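# Chains, contacts and geometry: an overview
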Amino acid sequence: MESRTRQIVAASLIAGSMILAIIAVRQANKRKSFPHVSRESDPAVRNYFGLPGFLSSDYPRGIRNNNPGNLKITSSPWNGKIAAGKNSDRTFEQFISFEYGVRAMIKQLKNDIDRGYNTLVKLIGKYAPPSENNTSGYITFVVSQTGLDKNAGLVSTKALLKNLVRAMSVMENGPAYPVTDRQFEEAYQML
C-alpha cells in the first residue's frame with residue numbers, strides 16, 4: 001500500500017510540474033509573439049517589426065509611432081511623415097515605416113550638431129529640455145551607453161550618429177527596442 005501511495009504522489013508531482021511548464025511556455029510565447037496590429041492600420045505603414053500597420057498600445061509610444069526619437073509634431077516636411085490630418089497621436093510625429101522615423105532622428109541629430117549643439121550637454125539639452133525631461137539623467141544615460149564625455153566636442157560622423165541613435169532610442173523607448181544595425185543602415189541610406 002505504501003508503494004502505491006508513493007506512485008500516486010510521484011505521478012501527481014510530475015503532472016503538476018508538466019502543467020507549470022506548459023503555463024510558463026505559453027506565457028513566454030505571449031511575450032515573444034508577433035505584435036498586435038491595430039484595426040486602424042494603413043496597409044502602407046510598416047512597423048518596428050517590418051509588419052504592416054501601427055502597433056497596439058502594449059508598445060512604447062515611439063515604437064507605435066515609428067518615431068524612436070519621439071520627435072514632436074512640427075512643420076518640418078520629414079520624408080515618410082504621416083500627414084497631420086491622419087496623425088492619431090496629435091503630439092508626436094508618426095511615420096509610415098520605422099526606418100523613416102530613424103531617418104528623421106538621424107537628420108535632426110546631425111542638423112543640431114552641425115548648428116553648434118556639439119556636446120552631449122548642448123545636444124540633449126535641446127533635444128530633451130529640462131522643462132519636459134530629466135535632462136541630466138538623459139545625459140548620464142547616453143554617456144554610459146556611448147562612452148562619450150558629456151562636454152567633448154561632437155562631429156556628426158556616421159559612427160557617432162549610430163551610437164547616439166541607439167542610446168537615445170533606448171532612453172526614449174526602453175531596452176527592448178533598440179534601433180538595430182539594419183534599421184540604422186536603411187535609414188542612413190535614405191539621407
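Structure report, in brief. Bear in mind that the values here come from a model prediction, so they are computed numbers and not experimental data.

### Considerations on the packing of helix α5 (residues 135-146) against helix α6 (residues 158-173)
- Taken N-terminus to C-terminus, the directions of α5 and α6 make an angle of 130°; their axes are 9 Å apart at the nearest point. In this view, α5 runs oblique relative to α6, as classed from their interaxial angle. Once α5 is placed against α6, the crossing between them reads as right-handed. Residues Tyr138, Phe141, Val142, Gln145 and Thr146 of α5 touch α6, and the partners they reach there are Asn163, Leu164, Ala167, Met168, Val170, Met171 and Glu172.
- Residues that form the contact of α5 with α6 fall into these classes: 8 nonpolar, 3 polar and 1 charged.

### Section: α5
- Between its first and last C-alpha, α5 extends 16 Å over 12 residues, near the 16 Å set by a 1.5 Å rise per residue.
- Listed in full, the buried residues belonging to α5 are Thr135, Tyr138, Ile139, Val142 and Thr146. For α5, the angular spread of the buried residues around the axis is 100°, confining them to a single face. With respect to the buried face of α5, the exposed residues turned more than 90 degrees away are Ser136, Thr140 and Ser144.
- On the buried face of α5, the contacting elements are α4 (120-127) and α6.
- Remark: Gly147 follows α5 within two positions and exhibits a positive phi of approximately 80°.

### Quick notes on the nonpolar core
- In this structure, Leu109, Ile124, Val142, Leu164, Val165 and Met168 are the most contacted members of the largest nonpolar core, which totals 33 residues.
- Sorting the residues of this core by element identifies α3 (98-114), α4, α5, α6 and α7 (181-189) as the ones contributing at least two each.
- Considering every element that reaches this core, the biggest residue donor is α3, with 7 residues.

### Some thoughts on unusual backbone geometry
- Positive phi outside glycine occurs at Asn66, with the angle close to 55°.
- Within the secondary structure layout, Asn66 lies in the loop between α2 (61-64) and α3.
- For Asn66, a relative accessible area of 0% corresponds to the buried category.
- Located in the positive-phi region is Arg90, a residue other than glycine, with phi close to 75°.
- On the secondary structure map, Arg90 appears in the loop between α2 and α3.
- Owing to a relative accessible area of 56%, Arg90 belongs among the exposed residues under this scheme.

Scoring rules and cut-offs
- Residues numbered from 1 in each chain as written.
- Predicted model: local features only at pLDDT ≥ 70, side-chain atom pairs only at ≥ 80, totals over all residues.
- Heavy atoms only, no water.
- Axes fitted to C-alpha atoms, helices over the stretch in contact; angles between N-to-C directions.
- Helix = DSSP H or I, 4+ residues; strand = E, 2+ residues; numbered from the N terminus.
- Parallel < 35°, antiparallel > 145°, perpendicular 65-115°, else oblique.
- Left-handed = near helix turned anticlockwise from the far one by under 90°.
- Contact = heavy atoms within 4.5 Å.
- Nonpolar A, V, L, I, M, F, W, Y, C, P; charged D, E, K, R; others polar.
- Expected span 1.5 Å × (residues − 1).
- Buried < 20%, exposed > 50% of the residue type's maximum accessible area, 1.4 Å probe, protein only.
- Arc of directions from axis to C-beta.
- Core = buried A, V, L, I, M, F, W, Y, C linked by side-chain atoms within 4.5 Å.

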